[in-house]
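Per-entry structural report
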Amino acid sequence: MIEAVKSALIAELEKIVGSGFVSTNPADLLIYSQDMTQAEPRWPDVVVLPKTVEEIQAIVRLANKEKASVIPYIAGGNIGGLTIPLKGGITLDLKRMDKILEVNETDMYTVVEPGVTFGHMKAYLTRHHPDLMYSYAFSPPSTGVIANALMQGLDNLSFRYGTSSEWVSGLEVVLPTGELVKIGSCAVSKGWQSFVPLPELSGLFLGWQGTTGVITKMAVSLWPRPKHATSLSFLFMDFEGAYKALKLLARTRIPDDIIGTSFTILNIDRKAAETHLKAYFYPAQKKASGDPEFIVLSEITGNTENELNAKVEVIERIVREELKDVKLIGPERAPSTTPGLPFQIVGQLGAGGGLTWVGAYGPMSNWLSTIKKGCEIQDKYGFTRTSYTRIMAEGHYAGLRWVLPFDKGDPEQVKKIGALWKEQLEMVIENGFIPYKTPVHAIRTLEKRADPEWVRLNRRIKEMLDPNNIMNPGRWGAPPE
Amino acid sequence: MALDDVKEWIYGCTRCGTCKDVLDIFVPACPAGEMYQLESYYPSGKIAIAKAISEGELTMDDEDILDRIYTCTGCLSCEQQCGVYHHQHIFEIIQAVRTEAVTQGFLNPAYMVMIDSLKKDDNVFGKPKAERGDWARDMDVKDASQEKQDVLYHAGCMLSFDPELWEVPRSAISIMKAAGVDAGIMGIEETCCGGRAYEIGYSGEFTKYAEHFLETVSTLNVSKVVTSCSDGYSTFKNLYPKINIEMKFEVLHIVEYLDQLIKEGKIKFIREVPKKVTYHDPCHLGRHLGDDGVYEPPREVLKSIPGVELVEMERNRENAWCCGAGAGVSQANPDFALWTANERLKEAKATGATALVTSCPWCERNFKDAVKEYGEDIEVYDIAEITRMAI
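Residues numbered from 1 in each chain as written. Chains lettered and ligands numbered in written order. Predicted model: local features only at pLDDT ≥ 70, side-chain atom pairs only at ≥ 80, totals over all residues.

**Some details on unusual backbone geometry**
Residues other than glycine predominantly adopt negative phi, and peptide bonds predominantly adopt the trans conformation. Residue A:Tyr282 is joined to A:Pro283 through a cis peptide bond whose omega torsion reads -5°. Locating A:Pro283 in the fold gives a position in the loop between helix H8 (263–275) and strand S14 (294–302). The peptide bond linking A:Leu341 to A:Pro342 adopts the cis configuration, its omega dihedral lying at -10°. The backbone phi angle of B:Phe26 is positive, close to 50°, even though this residue is not glycine. Its place among the elements puts B:Phe26 in the loop between helix H1 (7–10) and helix H2 (31–36). Accessibility expressed as a C-beta count within 10 Å gives 21 for B:Phe26, which makes it buried. Residue B:Ala327 is not a glycine yet carries a positive backbone phi of 55°. When you line up the elements, B:Ala327 lands in the loop between strand S7 (308–311) and helix H15 (329–332). (Helix = DSSP H or I, 4+ residues; strand = E, 2+ residues; numbered from the N terminus. Buried ≥ 20, exposed ≤ 12 C-beta atoms within 10 Å, placed from the backbone.)

Here it is as structure tokens:
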């Protein structure tokens with residue numbers, strides 16, 4: 001940005017939010033220029049922390065005038081480099097907008113501002129609405145509720161309800177041109193009910209990585225907190241057995257949540273949580289002979305102890321009868337994992353400051369071949385097998401990723417992680433899985449393979465909403481370079 | 001500690017943000033981050049700055065960068081919340097950057113005044129050394145440099161030079177006398193423990209004071225040193241061992257000693273103190289001591305005082321919100337120090353308590369100043385003061 005333009009822009013921003021909430025200090029710009037992934041740092045020109053919707057509108061209008069980029073930011077933990085400003089501009093840190101504005105007990109939704117985190121949500125519901133709960137990812141408590149839903153995250157009710165964007169029931173958005181628009185029932189009534197028979201305009205914003213507007217309010221579904229819960233664990237000696245069991249478990253439609261992970265990552269996580277020592281995923285920690293390949297955890301809930309026990313018995317019986325030929329240990333009953341969410345994943349965050357992944361949604365029918373290939377790529381690079389899966393929407397699709405914690409202080413490891421990540425990315429796309437929280441390299445890769453008319457439609461939508469291309473430019477809908 | 005010594009820890013942080021809130025209850029944990037909101041003020045931001053300075057990406061010739069590094073009360077709440085392998089070294093990283101700043105000659109003017117005063121008068125307040133024993137001028141108490149005694153009472157800098165807080169050491173001495181304890185003080189000969197110098201990056205000054213303290217007390221043949229200063233206590237217990245200083249006498253904080261004397265029946269309460277109080281855990285008496293944090297003795301003392309009703313704040317014990325005065329902040333950034341204190345006073349008031357009790361003169365001073373600045377309607381006491389009311 002030209003210095004004179006920058007100075008004028010900063011002066012105007014200070015008028016809008018106050019000088020204490022505008023920074024051009026290199027320390028701030030550096031921090032917002034990078035995240036925990038291997039993504040190349042790119043510096044913003046200025047960081048701004050608005051408090052109100054009106055301030056955001058004023059900032060967006062100013063950005064249009066000056067043709068400055070605007071990058072919405074909450075916690076920066078998206079593991080996709082999504083808030084790194086590709087073309088400089090204004091990083092819009094929304095953490096000061098942190099109010100839970102409404103909880104509707106009867107209609108079971110809450111309306112939140114962008115700065116509300118999983119941690120805030122949990123504390124608020126526990127204190128004021130103990131009979132209701134939200135769905136949380138296996139992620140740190142600082143994760144933004146709106147960011148997670150906007151970015152189609154997978155949470156602990158995803159087996160029942162799909163991705164977190166599927167339980168969004170309304171939006172308030174500052175458009176890239178500064179107008180404020182409501183989406184959902186709130187546009188035509190006073191409520192934020194979960195479904196309305198109107199055109200589905202939320203699709204103009206969900207999944208767009210902040211390239212089509214700034215979401216200033218979001219309504220998300222809440223659910224009754226189950227009175228009884230338990231977790232069932234299954235240890236599989238091979239992926240084939242796990243695949244058969246996952247399909248079977250899904251079709252019982254009994255669990256609230258089904259997740260699975262490489263046994264090796266669980267071992268490292270557990271050790272890190274117990275010892276608080278550094279976690280090493282590279283060089284590869286191989287599973288010991290006789291150790292399982294894969295562990296599956298399934299969360300079961302009930303209104304009564306009897307209902308819970310009956311559900312567990314059904315699963316146990318089906319496993320006994322249908323999985324006779326599968327090498328597995330379990331199911332074993334363990335305490336529910338839900339009360340501990342959200343939590344800091346100490347092992348995966350404790351390898352030396354770096355964490356990245358190839359995360360994707362795709363068909364259950366390709367799950368087995370894809371997870372095996374992903375692990376084989378990790379073997380090739382000498383990296384510990386770290387596969388992770390969540391069965392989505394009662395088995396209609398699956399979330400699949402390989403968590404890649406790495407040491408940012410080790411240049412060789414950083415280089416290797418980048419190459420491993422790219423190879424896994426190509427492989428998942430080849431196997432019909434579509435990356436989520438999509439890093440810019442993955443977007444460009446997908447665009448090359450996608451239906452050209454689909455790509456053009458994305459660009460037309462982006463151009464229509466954001467004629468000056470100011471919102472998080474260079475990502476979805478970006479004009480061709 | 002230099003930046004090279006903490007390199008291993010600098011790379012530990014992913015900036016996941018867990019340090020921002022108290023786990024489980026998810027209310028703010030970091031005063032600096034909470035007040036300024038920019039990522040660079042949170043512990044994870046400061047670690048990123050340390051990493052960038054270490055790698056030459058940022059330099060220290062920028063007042064705003066130094067401001068981020070000095071805007072930390074050293075409360076260690078971040079270390080309590082974080083679970084990753086560097087979690088017990090976060091403040092060490094910040095101190096290492098401070099030390100680097102001093103080494104490179106980028107000095108904070110407020111701290112230069114403190115250090116000059118330390119060198120000249122053995123205290124960080126710019127007060128004449130000759131006034132150090134004034135708090136006990138009209139008290140009948142042994143001069144430890146002249147007489148033998150079993151217990152040395154160390155008042156510390158803040159209590160020695162702040163007349164508004166003199167009631168604290170005077171109460172401590174009165175209670176000990178009432179309990180039949182053979183105690184003395186060093187008066188004018190008492191020196192700073194050096195803890196503040198360490199926290200603001202002057203490790204050489206710290207070592208000098210640590211060695212002097214050990215040498216002085218060792219010649220007195222006392223069985224124990226009792227102090228009302230949490231910073232001093234933490235320095236003796238936590239920092240001296242780091243430079244291999246071994247003390248051959250017991251060190252107790254006054255709350256531990258009071259608890260002990262009450263349980264031994266040596267302190268008899270004869271008056272009711274009809275007050276609803278809440279207790280503020282000083283960081284230096286809690287988190288700075290790790291697993292040896294002194295959390296229960298003050299509560300035991302308060303519960304044993306007739307008429308006192310103790311209620312807890314939401315953030316208590318190892319999750320207590322800082323008073324805001326630590327690590328040189330009250331000298332260098334009083335606005336931040338007072339804002340932090342007032343946040344705590346609001347939390348105290350929300351319990352329904354009419355008084356906040358603490359065991360640290362730095363906390364008490366800062367809370368009293370915050371009451372003056374912000375007008376929160378709450379009384380502030382040291383635990384010795386409220387104990388003495390019942391005797």
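Having seen the model, we can carry on.
**Observations concerning the nonpolar core**
Core analysis: the biggest nonpolar cluster contains 255 residues, and A:Val48, A:Ile59, A:Val70, B:Ile93 and B:Leu258 have the highest contact counts within it. Per-element accounting of this core gives the leading share, 8 residues, to helix H6 (residues 90–104) of chain B. Excluding anything up to four places from it in sequence, A:Ile59 contacts A:Leu13, A:Ile16, A:Val48, A:Pro50, A:Val70, A:Ile90 and A:Leu92. (Core = buried A, V, L, I, M, F, W, Y, C linked by C-beta atoms within 7 Å. Contact = placed C-beta atoms within 7 Å.)

**Concerning the domain arrangement of chain A**
For an interface, size is often stated in terms of accessible area lost upon the parts coming together. Residues and elements named next belong to chain A. Taken domain by domain, chain A consists of domain 1 (3–93), domain 2 (100–224) and domain 3 (228–435). Taking only C-alpha atoms into account, the centre of domain 2 sits 27 Å from that of domain 3. Within the residue set of the side of domain 2 that touches domain 3, elements represented by two or more residues are helix H4 (118–128) and helix H6 (158–161). Of the residues in the side of domain 2 that touches domain 3, the class split is 9 nonpolar, 7 polar and 2 charged. (Domains from an automatic or database assignment. Nonpolar A, V, L, I, M, F, W, Y, C, P; charged D, E, K, R; others polar.)

**Focus on the sheet that holds strand S10 (residues 214–221) of chain A**
All names here are of chain A. On the basis of which strands lie adjacent, the open sheet formed by 5 strands has the order S5-S6-S10-S8-S9 and antiparallel pairing. Bordering the open sheet on either side are strand S5 (100–104) and strand S9 (180–184), each of which pairs with just one other strand. Within the sheet, the average angular offset between the axes of one strand and its neighbour, ignoring direction, is 10°. Across 4 bridges, S5 lies against strand S6 (residues 109–112) in antiparallel orientation. Residue pairing across strands places Ile-100 opposite Val-112, the latter belonging to S6. (Pairing = 2+ DSSP bridges. Axes fitted to C-alpha atoms, helices over the stretch in contact; angles between N-to-C directions.)

**Side note on the sheet that holds strand S3 (residues 183–185) of chain B**
Residues and elements named next belong to chain B. Taken in spatial order, the 5 strands of this open sheet run S1-S3-S2-S4-S5, and their pairing is parallel. Only two strands of the sheet have a single partner each, and these edge strands are strand S1 (142–143) and strand S5 (250–253). Across 3 bridges, the pairing between strand S2 (residues 151–154) and S3 is parallel. Of the residues in S3, the one forming a bridge with Tyr-153 is Ile-185. Together, strand S4 (224–227) and S5 form the strand contacts of helix H13 (residues 254–263), whose direction differs from that of S5 by roughly 90°.

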